[in-house]
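# Breakdown of the fold
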Amino acid sequence: MAGQDCEYPTVSSLFDQFLRLYEEIDKSDLPTNSDELQKKIKDTVAGLIKTTVLVSEVGVFSSNETLEELSTNSIKFLLLPVLLGSLTLKRTNLERMEVLRLSNIYFRDYITRCKQYGLTDVDLPPEPNKEDKEDEDDAEKKKRMVRVPPRKGMPTPQELGAMARQREDKIRRFKEKKAMGERLNELKKALENPSHDEEIIRNYHIAMVKKFIMDCLEELESVTMERNMLAEMAAMRMKGTLPDAEEAPKPKPLKPILITRDAMQKNVFGLGYPSLPSMTVEEFYDQRVREGWFPDPSKNQNCLQDRAAGGPDKEKEAIEREEAEKEAAEERDDPDKIAHERGMDEWRDTHKRGWGNTYNRS
């Protein structure tokens, strides 16, 4: 028979503390392999194991009692195995096969205990490799790890029926899980009322146990599939049929375009660049001119760079040529010139000299 609430107040407070830590880990945005989260997972697992030992010593559960005989504060202790299994799946400091083995044990223990109290009628899936014994020699273990290759061709009617039943079962579980989540939210709001009674607490704990049953069944399916996959990979590795990851074709490295000062520097090795230069500045400029990015210097002779390169005489000739063109435009009453000057006159009428010069700059 289960003990009374007053017999283990410390166990109850410990469980509530680690349940809050579990919820923080489950909602955390940190990467699973981060040191901070892994330390938190390790500490929480250790605390839940300690709580499990205390619950066993107190004798909370009994094999010959029903859910009605279980005290309200004892129902939440049913969650201990599923919390340990869920956190164990997130651990990265152990071999993955060992992680899956421990999680499988925790999840199956949780479903078995819940079925004992009538909280579920789910039949557990068959245990993989259950016939293996620890005293088998290595040769027999290797032989057992070899799986029968999958049958090719169209599925049989029996297989189609099994797939249809599996799909219907997943849809039914999804709807039940959604309804159970809504029920939990309602009960959680009711618990915030200071005048709530023990019946609300009991219903909340039972709803939480049933919600974790649905999560546990999904996790058990994933664990079973991953264990089978790892076993197949181990068998292929022993037979030498598993392809090596290093044999995958590597992509062709990109060739960078580096600018050098002249053709001589282009032919020099080891200039501190990650690879050899591919073109000089002149070649790069000519390429950009052909592509239309830069102006063609042969077609633009009236630029400041050309004037400076020609010396003061050429600069003077360019200025005289500009003044002559200006006078010729005024003599023939160029309409564009007249419109530009009228626009400037109107702009000066509406914008006095010095406006906007708030810092009194000349």
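See above for the structure.
These lines cover the structure that appears in this document, whether it is placed above or below.

Rules used in this analysis
- As a convention, each chain's residues are numbered from 1 in the sequence order in which they are written.
- Where totals are concerned, whole chains, interfaces and linings use all residues; where local detail is concerned, this predicted model gives features only for residues with pLDDT of at least 70, and gives and counts side-chain atom pairs only at 80 or more.
- For side-chain calculations, the full set of non-hydrogen atoms in the structure is used, while hydrogens and water are omitted.
- Only DSSP runs of H or I covering at least 4 residues are called helices, and only runs of E covering at least 2 are called strands; the numbering of each starts at the N terminus.
- The buried label goes to any residue with under 20% of its type's maximum accessible area, the exposed label to any with over 50%, and the partly exposed label to all in between, with areas taken from a 1.4 Å probe on protein chains only.
- We call two residues in contact whenever any of their non-hydrogen atoms come within 4.5 Å of each other.
- Accessible surface area values rest on a Shrake-Rupley calculation with a 1.4 Å probe, where residue burial reflects the displayed protein chains alone.
- Nine residue types can take part in a nonpolar core, namely buried Ala, Val, Leu, Ile, Met, Phe, Trp, Tyr and Cys, and a core is a set of them joined through side-chain atoms within 4.5 Å.
- Between the N-to-C directions of two axes lies an angle of 0 to 180 degrees, each axis being a line fitted to C-alpha atoms and, for a helix, fitted only over the stretch in contact.
- Note on angle classes: values under 35 degrees are labelled roughly parallel, values over 145 roughly antiparallel, values of 65 to 115 roughly perpendicular, and the remainder oblique.
- Put simply, a crossing is left-handed when the front helix is turned counterclockwise from the back one by less than a right angle, and right-handed when it is turned clockwise.
- Polar here means any residue outside two lists: the nonpolar Ala, Val, Leu, Ile, Met, Phe, Trp, Tyr, Cys and Pro, and the charged Asp, Glu, Lys and Arg; Gly therefore counts as polar.
- Cysteine sulfur atoms that come within 2.5 Å of each other are treated as a disulfide pair.
- Each patch is built from salt-bridge-free residues with over 30% relative accessible area, joining like charges within 9 Å and nonpolar side chains (Val, Leu, Ile, Met, Phe, Trp, Tyr) within 5 Å.
- The salt bridge definition used is simple: a Lys or Arg side-chain nitrogen within 4 Å of an Asp or Glu carboxyl oxygen.
- In this tally, Lys and Arg are treated as positive and Asp and Glu as negative; His is ignored, and so are the chain termini.
- In this description, the location of a charge corresponds to atom NZ of lysine, CZ of arginine, CG of aspartate or CD of glutamate.

A word on the overall build of the protein chain. The helix and strand inventory of the protein chain stands at 12 helices and 2 strands. Along the protein chain, from the amino end to the carboxyl end, the secondary structure elements read α-α-α-α-α-α-α-α-β-α-β-α-α-α. Within the protein chain, the fraction of its 362 residues that count as buried is 26%. Taking the contacts inside the protein chain whose residues are at least 6 apart along the sequence as the reference set, 59% of them involve residues at least 24 apart. When the accessible area of the protein chain is evaluated, it comes to approximately 26500 Å², of which 53% is carbon and sulfur surface.

Turning our eyes to something else, we now look at the nonpolar core. Counting residues in hydrophobic clusters, the biggest one holds 48 residues, and the most contacted among them are Leu79, Leu83, Tyr110 and Val209. Counting residues per element, the ones that place at least two in this core are helix H1 (9–26), helix H2 (35–58), helix H4 (80–89), helix H5 (96–116), helix H7 (157–191) and helix H8 (198–239). No other element matches H8, which puts 12 residues into this core. For Leu79, the residues in contact, after removing those within four places along its chain, are Phe15, Tyr110, Met208, Val209 and Phe212.

Next up on the list: the packing of H2 against H4. Running from amino to carboxyl end, H2 crosses H4 at an angle of 160°, the nearest separation of the two axes being 10 Å. Here H2 lies roughly antiparallel to H4, going by the angle between them. Regarding H2 and H4, the two cross each other, and that crossing is left-handed. Between H2, through Ile41, Thr44, Val45, Leu48, Ile49, Thr51, Thr52 and Val55, and H4, the contact on the second element is made entirely by Leu80, Leu83, Leu84 and Leu87. Of the residues that constitute the contact of H2 with H4, the class distribution is 9 nonpolar, 3 polar and no charged.

The subject of this paragraph is the packing of H7 against H8. At their nearest, the axes of H7 and H8 sit 9 Å apart, and the two run at 150° to each other. The angle between H7 and H8 places the two elements in the roughly antiparallel class. Where H7 crosses over H8, the handedness of that crossing is left-handed. Split by residue class, the contact of H7 with H8 holds 12 nonpolar, 1 polar and 11 charged.

Mapped onto the secondary structure, Thr51 falls in helix H2. By relative accessible area, which is 0% here, Thr51 ends up buried. Setting aside residues no more than four positions away along its own chain, Thr51 makes contact with Val11, Leu14, Phe15, Phe18 and Leu80.

As enumerated under the stated definition, the model contains 0 disulfides in all. In this model Cys114 remains outside any disulfide bridge; the closest cysteine sulfur is found in Cys216, 7.9 Å from its own. With a relative accessible area of 0%, Cys216 lands in the buried category.

Before going further, it helps to spend a moment on a negative patch on the surface. Residues Asp313, Glu317, Glu320, Glu323 and Glu327 make up a contiguous surface patch of negative charge. Among the secondary structure elements, Glu327 is positioned in helix H11 (residues 304–331).

Within this structure, the stated rule accounts for 15 salt bridges. One salt bridge in this structure joins Glu24 and Lys40, with 2.8 Å as the shortest N-O distance. You can see Glu24 sitting in helix H1 and its partner Lys40 sitting in helix H2, a full 16 residues away along the chain. Given a relative accessible area of 31%, Lys40 falls into the partly exposed group.

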